[in-house]
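Read off the chains here:
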Amino acid sequence: MSSAADRRSRWLAFVGIAAVVVVVDQLTKMWLRASIQPGEPPVDIVGEFVRLVHGQNSGGIFGLFGDSAFILGLASIFVIALIVVYEAREGIRSWLLTVALGLLLGGAIGNLIDRLTLGHVTDWVDMGIGTWRWYTFNVADAAISIALVILI
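Conventions and cut-offs
Residues numbered from 1 in each chain as written. Predicted model: local features only at pLDDT ≥ 70, side-chain atom pairs only at ≥ 80, totals over all residues. Heavy atoms only, no water. Salt bridge = Lys/Arg side-chain N within 4 Å of Asp/Glu carboxyl O. Helix = DSSP H or I, 4+ residues; strand = E, 2+ residues; numbered from the N terminus. Buried < 20%, exposed > 50% of the residue type's maximum accessible area, 1.4 Å probe, protein only.

(A) Spatial organisation of the pattern of salt bridges. Considering all chains together, one arrives at 6 salt bridges under this definition. A salt bridge links Asp-25 to Lys-29, with the nearest nitrogen and oxygen atoms 2.8 Å apart. Note that Asp-25 and Lys-29 are positioned in helix α1 (residues 3-35) at a spacing of 4 residues, about one turn of the helix. Given a relative accessible area of 0%, Asp-25 falls into the buried group. A relative accessible area of 0% means that Lys-29 is categorised as buried. With its nearest N and O atoms 2.5 Å apart, the salt bridge here joins Arg-93 to Glu-90. Judged by relative accessible area, which is 22%, Glu-90 ranks as partly exposed. A single network of salt bridges, built from pairs that share partners, joins Asp-25, Lys-29 and Asp-114.

What follows is the structure in structure tokens.
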């Protein structure tokens, strides 16, 4: 495959992965907002281990920097630009890097849409045992976490 064709296929994969993450993220969040209201009790999916809950996170990951959705939205725009530039410069070197950056881009855009339209990010997957719970997350967060594992 020629370098130009390889570059095109990598960009297509990069954008395609990001688009799938954004669409699935937004569809699941819309479904959740239509199904469960904030403050309603969690819905058990896999016993108490995996539950659905309507969370509204106006901060960053793990709820850090609470009530700063606008500032985090601006930071997300900067991060999105960095991801695209990095893919343009380095993505040609590795398909794995292209996949990771596509996941990062999709996750960043998915959460940015929430921050700009709702003033918070809708989180809905609650995992844990008893009172020990992991942070509540969504598809965008999962994509970002998977990308970070790939990059590490």
